[in-house]
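Here are the chains, one letter per residue:
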Amino acid sequence: PLGMGLPGAVLLLAAGVGAFSHATPRFWGTRLVSQPLAAANRGSTAAPATPLQLVEQKRLGELIKRLSKEPRELIELLQDAGLAGVVAYLIAFGAFYSTAIPIGEVAYHAASGQWLDPRALLLEDGSDAKMRFLALSASFYLLCKPFAPLRLGGALVLTPDVKRFIEERPALGRLSKGISEFWDATVGRAGRAVGSSLEMFAAPFDSLSSDEDWASARVWLISLYPPLVQRKALKAEVLELASEARGGVDPLPPARQSRLDQLVTSELPRLNPTTEPARSPLFSGEWECRWTTESELNFAVDRGLLGLPWTRTYQSIDIAGGCLTNVIEFGVDGALAVGASIRPDDETADGSRFIFSFNECSVRWRGLQVQLPPVGRGWGELLYLDEEMRIQRDIRGDLLVATKAASVPPLPVRIQ
């Protein structure tokens, strides 16, 4: 039940109620030992308490220790608890989400000024409103997952009281027994089949031992989400790795570097939402460099400019106006600025390539400005482009990851 949410509660209901009918003799008989029998057994060696007995005796600390060492005993607990355990979990589940959902709704309204509208689910697939609602719902679910032990703990605390409530009402007990027998013959059988399938599904994860194995599993799990959610998760991972590498200045461990390369050259390009990106208005704007393999740029970032530390690297692009300006800022009075013309490459079928040609260059250091001859021309290829992030590869094979600082490009940087 850890973090399974509503689908998990339904599966738990199928498995738990199905197990209830098998556990009924113990549940109603041997668990309720008479006083004379208990007295006769005092002299014998006491068997270890079952998980359900620990719950009934409120020995939750000992139960948690046992479950942490032997997680499979949780299955025994669910089988012994039967219908009472299922009802207790559903009560805890309902209480948790009846509190969490209003809090999440109010928090979202406070942050965005809007209320979530579930009617967006009725819109056609691919609509922005529907995708936004699904993405926010998935984020809310992920935020609630760390509180799964709280829901489970609430269910464990409630189980003895729910069990006692059923036992004290014979009619309710007979009704629940009849329901459980019917359920076991129908839905319970399907629940056990689903449980077996889930064990087969989870079996490959038992062999995961290395960071690389878990990284592969994480990639697979992310792929189950809609493309919008996938892009958000992968972009966040790219920026995390880029920050760890100081924008490309510091080397990453081999596994982390391999993951970053995979993200920028394969996974995000596969999810690129922009057709003909070099011709798209999204290409225009002010872009902050977050990571690159360009050695000259990383050298400037690492060493600074004659005692002035690096502060910022950005590009101003106006694809409609044909202007590109690259700027590296150092301290408060230093900069290297290179201007160029830029246009889409009409010879590429997918519209991902652009052509640039440098036409001016200037270096400023502590009030002294020097003009340098502009040298170079070439092409770049946009691997990924959306409203927030751009990934490109240039003629030398260098990669660049940039995030948008301004949607509308500012006036071109003046190079005097």
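Cut-offs used in this document
- Residues numbered from 1 in each chain as written.
- Predicted model: local features only at pLDDT ≥ 70, side-chain atom pairs only at ≥ 80, totals over all residues.
- Heavy atoms only, no water.
- Helix = DSSP H or I, 4+ residues; strand = E, 2+ residues; numbered from the N terminus.
- Expected span 1.5 Å × (residues − 1).
- Bend = angle between axes of the 7 residues up to and from the residue.
- Buried < 20%, exposed > 50% of the residue type's maximum accessible area, 1.4 Å probe, protein only.
- Phe/Tyr/Trp six-rings, centres within 6.5 Å; stacked < 30°, edge-to-face > 60°.
- Lys NZ or Arg CZ within 6 Å of the ring centre and 35° of its normal.
- Pairing = 2+ DSSP bridges.
- Salt bridge = Lys/Arg side-chain N within 4 Å of Asp/Glu carboxyl O.

Draft legend 1. Geometry of helix 7 (residues 148-167). Taking 1.5 Å as the rise per residue, helix 7 with 20 residues should run 28 Å; its terminal C-alpha atoms sit 28 Å apart, in good agreement. Bending of helix 7 peaks at approximately 35° at the position of leucine 158, with proline proline 160 no more than four residues after it. Every buried residue belonging to helix 7 is among Ala148, Arg151, Leu152, Ala155, Leu156, Thr159, Pro160, Val162, Lys163 and Ile166, and all of these are buried.

Draft legend 2. Up close: the packing of aromatic side chains. For the coordinates displayed, the defined rule picks out seven aromatic pairs. A centroid spacing of 5.0 Å and a plane angle of 90° characterise the contact between phenylalanine 96 and tyrosine 97, whose relative ring orientation is edge-to-face. Taking relative accessible area as the criterion, tyrosine 97 reaches 12% and is therefore assigned buried. Judged by centre distance (5.4 Å) and plane angle (50°), the ring pair of phenylalanine 356 and phenylalanine 358 falls under tilted. You can call phenylalanine 356 buried: its relative accessible area is 14%. Ring pairing ties together the aromatic residues Phe93, Phe96, Tyr97, Phe140 and Phe147, which thus form one cluster. When the ring centre of tryptophan 287 is taken as origin, the NZ or CZ atom of arginine 390, which lies over that ring, is 5.2 Å away.

Draft legend 3. Molecular detail of the pairing of strand 7 (residues 377-385). Sheet topology places strand 5 (residues 353-365) next to strand 7; five bridges connect them, and they run antiparallel. Considered in strand 7, the bridge of isoleucine 355 is made with tryptophan 379. Where strand 7 and strand 8 (residues 389-394) come together, five bridges link them in antiparallel fashion. By the bridge assignment for strand 8, leucine 385 is matched with arginine 390. Between strand 7 and strand 8, which pair antiparallel in sequence order, lie three residues.

Draft legend 4. Main features of the pattern of salt bridges. Under the definition given, this model contains 19 salt bridges. Of the charged contacts in the structure, one is a salt bridge between arginine 259 and glutamate 267, with a shortest N-O distance of 2.5 Å. Both residues of the pair, arginine 259 and glutamate 267, count as buried.

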